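# Structural features, examined
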Amino acid sequence: MSLAAPYFADGSSFLDFAKAVAPDVLAAAFTREAQQGSHDICPPPTATTVVALTYAGGLVMAGDRRATIGTQIASREIEKVYPADSHSAIAVAGTAGLAIELVRLFQVELEHYEKIEGNPLSLDGKANRLGTLVRGSLGLAMQGLAVVPVFGGWDRSAGAPRIFSYDVTGGRYEEREFYAVGSGAVFARGSLKKLWHTGMDAPAAVATAIAALIDAADDDAATAGPDVGRAIWPVVAEVDRDGYRRVPDPVLAETVAQIFAERRTHMVESP
Amino acid sequence: MTIPFYVSPEQLTKDRSDFARAGVARGRAVVVLSAAEGMVLATVNPSRSLHKIAELYDRIAFAGVGKYNEFEALRRAGVRYADLRGYAYDRVDVDARGLAGAYAETLGEVFTGHPKPFEVELALAEVGDVPGADRVFRIGFDGSVQDGEALVVIGGHASEVTAGLHAAGVHAAPDSAPPPLATALRAIANTLVPAPDFANDDAAAPGTSRSLAPESGAYSTLECALLDRTATRRSFRRLTSSQMVELAVE
C-alpha cells in the first residue's frame, strides 16, 4: 500500500488525519456521526470517582477501581488514571468505554504532535487540545454518555504542577489546589477540603488522595474503597519535575493500612 | 508533421536514476549502527533544528538524506502511518518492515509516475531486544529496498564511510559482536567528521582513519540519536554533543 495524499497533508493532529484516512478506527464520539437512539436498553458501564491535588513540587492523581452498570458492579479492577505523556497525567470519569477511548486518543494526539513537530506541546496547549476532544463527544454526552476528564502535568515553563478540570462541553478550568469528579466527587471534595493544606510532601499527598477516595466510597455506592481482601488498590500517580510515576502497590498497601489504623484508633478512643 | 519524440524506457529510467543519484550523493552520509546498548544513528549536520534523524515509533527511527523537503514529507507520512497502525491495532503491531514496504511503494510510484523522482535515500532502524534482532531497511529513490542488520550507511560517500567504520573495528566481520556504545560513538566521530574537508583535502577523505580525541569538539557537528535497547516504550533519544562526549568515554 503506497502512502496516499492525506499522509502528506499539512497539520499535526492525529485526529484530523485519522478522520480523513480511516474514520472507522475512531470511536463514533469523535467523528460527529454519533448514533441516534437510546442507551437505556443496554446501559454501558460507568467509571466513577477520580481526584487530583497539588503538593509542593508536584501533583497526585488517583482513581478508585469500580465501574458500575446501574446498581451492579461491572468491574472491580478498572483503571481511571493514565499517563498522558512523560510529564502529564489524565484521569477520567463517566462512560467507561468512551473514557478509555478518550485517553487512548489523547495519548496518541500528544505523541503524534511531538513527533511531527519535533517539540512537545506546551501544557496549556495539551489542556486545550483535551478540551477540544471532550467537546467532540458532546453529542453522546447529551444522550447521557458523558465523559469528563481531569488533566494535570508539570509545567516546565512555570516550574510548577498544574491541574485542569473540564465540563461536558469541553470547558477548561484551572484548579489551584485539588479537584474531584465522578459520582463520589462531592464526598471526595469535602474530604480534600479538610485534609489538603499547602506545603504537603508527596507521601502526604498520596495519603490525602487515598483518604478522599475512602471517604467517597463510604457514602457513594458506585465508588470502591481499597479492596484489602483481594489486594486491589486505587490507581495513584505522581507527576513532578522528573515526570509521571505510578505509585507502586506495596506503598499503597502501607498507606491504606495506616489510614485504616488511624481511623480505627479514633473510633476506639471516642466515648 | 513533427515526429513524436521517443525516449526508450531504458534511457528514461537511466536519466531519472542519474538525476536522483546525483541529488542523494550531495547529502552527507547517515550511519546506522548496532551497538551493545542500542542502535546509534549519526550524521554531520550543522543545523540544530532541521533534523535528518527522527523518531518514528517506539522502537523505530528514521533517517533521510537528499532534499530536505522531500525526506521531511516522507518522515511525517511515516509518523502518520505508524501512529494510525498502532492506534487501530496495537503498539506491538507496528514494525519497520511494514513501513519500509509503504515507503518503497510510494517512492516507486513517484519514480515512474511523477515529473521528477524524489532525490532521497531513507533508512529505517528497528532496535531489537538483543543485538541480533536489530533490523535496518535502506530504501532507495526508486523504491528499492535492502535490509541489513548491524551497519548501514546511506547518502554520499556511503562506501567510504562503511570502509572507515570497518577500519575502526566496528562490525568488521559479518558475525562480529556489536561494539560497546562508547566504541561506536568514537568510531563514528572519527569517520564522519573529516567528511566536510573531503572536497578540498584528499588526505582527510572519509574512511581515512586518523587519531581524533573525542574531546576535540568532533561531536559538536554531529546529529546523533540512540534507540535504547532497554527502554520499555519509546526508545528514541537524541544525544547532545556533551552527552556524546560523556558516553564515548570508556
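Look up a bit, the structure's there.
Here's what I pulled together on the structure shown here.

## Here we look at the pairing of strand β2 (residues 38-44) of chain B
All names here are of chain B. Counted residue by residue, β2 has seven buried out of seven residues, so it is predominantly covered. As paired strands, β2 and strand β9 (residues 222-228) are joined by seven bridges and run antiparallel to one another. Bridging across to β9, methionine 39 finds its partner in leucine 227.

## Here we look at the packing of aromatic side chains
Enumeration according to the criterion identifies eight aromatic pairs over all chains in this entry. Centroid distance A:Phe178 to A:Trp196: 6.2 Å. Interplanar angle 55°. Geometry classified as tilted. Of this pair, A:Phe178 sits in strand β11 (residues 178-181) while A:Trp196 sits in the loop between α5 (185-195) and α6 (202-219), and the two are 18 residues apart along the sequence. Exposure remark for A:Trp196: the relative accessible area of 15% places this residue in the buried category. Between the aromatic rings of B:Tyr68 and B:Phe71, the centroid separation amounts to 5.5 Å while the plane-to-plane angle is 80°, which identifies the pairing as edge-to-face. Here B:Tyr68 pairs with B:Phe71, and both are found in helix α2 (residues 68-88), just three residues apart, close to one helical turn. Chaining the aromatic ring pairs together yields one cluster made of A:Phe106, A:Phe151 and A:Phe164. Of note, A:Arg104 hangs over the ring of B:Tyr87, and the distance from its end group to the ring centre comes to 4.4 Å.

## Considerations on the packing of α2(B) against helix α3 (residues 96-113) of chain B
Residues and elements named next belong to chain B. At a minimum axis distance of 11 Å, the contact between α2 and α3 shows a crossing angle of 135°. Comparing the axis directions of α2 and α3 gives the class oblique. For the pair α2 and α3, the sense of crossing is right-handed. Together, Leu74, Arg75, Gly78 and Tyr81 of α2 and Gly98, Leu99, Ala102, Tyr103 and Leu107 of α3 make up the contact between the two elements. Looking at the contact of α2 with α3 residue by residue, the class counts come to six nonpolar, two polar and one charged.

## Considering unusual backbone geometry
The residue A:Ala231 is not glycine, and still its phi comes out positive at about 55°. Mapping A:Ala231 onto the fold places it in the loop between α6 and β12 (235-240). The phi angle at B:His157 is positive, at roughly 55°, despite the residue not being glycine. Position of B:His157 among the secondary structure elements: in the loop between β8 (151-154) and α4 (158-167).

## Side note on the sheet that holds β8(B)
Residues and elements named next belong to chain B. Strand order across the open sheet formed by five strands is β8-β1-β2-β9-β10, with antiparallel pairing between neighbours. Strands at the two margins of the open sheet, each flanked by one partner only, are β8 and β10 (236-239). Geometrically, the sheet is characterised by an average inter-axis angle of 15° between neighbouring strands, direction not taken into account. Each of β1 (30-34) and β8 is contacted by α4, which is oriented at about 150° to β8, the strand it contacts most.

Each value, and the rule that gives it
Residues numbered from 1 in each chain as written. Chains lettered and ligands numbered in written order. Predicted model: local features only at pLDDT ≥ 70, side-chain atom pairs only at ≥ 80, totals over all residues. Heavy atoms only, no water. Buried < 20%, exposed > 50% of the residue type's maximum accessible area, 1.4 Å probe, protein only. Helix = DSSP H or I, 4+ residues; strand = E, 2+ residues; numbered from the N terminus. Pairing = 2+ DSSP bridges. Phe/Tyr/Trp six-rings, centres within 6.5 Å; stacked < 30°, edge-to-face > 60°. Lys NZ or Arg CZ within 6 Å of the ring centre and 35° of its normal. Axes fitted to C-alpha atoms, helices over the stretch in contact; angles between N-to-C directions. Parallel < 35°, antiparallel > 145°, perpendicular 65-115°, else oblique. Left-handed = near helix turned anticlockwise from the far one by under 90°. Contact = heavy atoms within 4.5 Å. Nonpolar A, V, L, I, M, F, W, Y, C, P; charged D, E, K, R; others polar.

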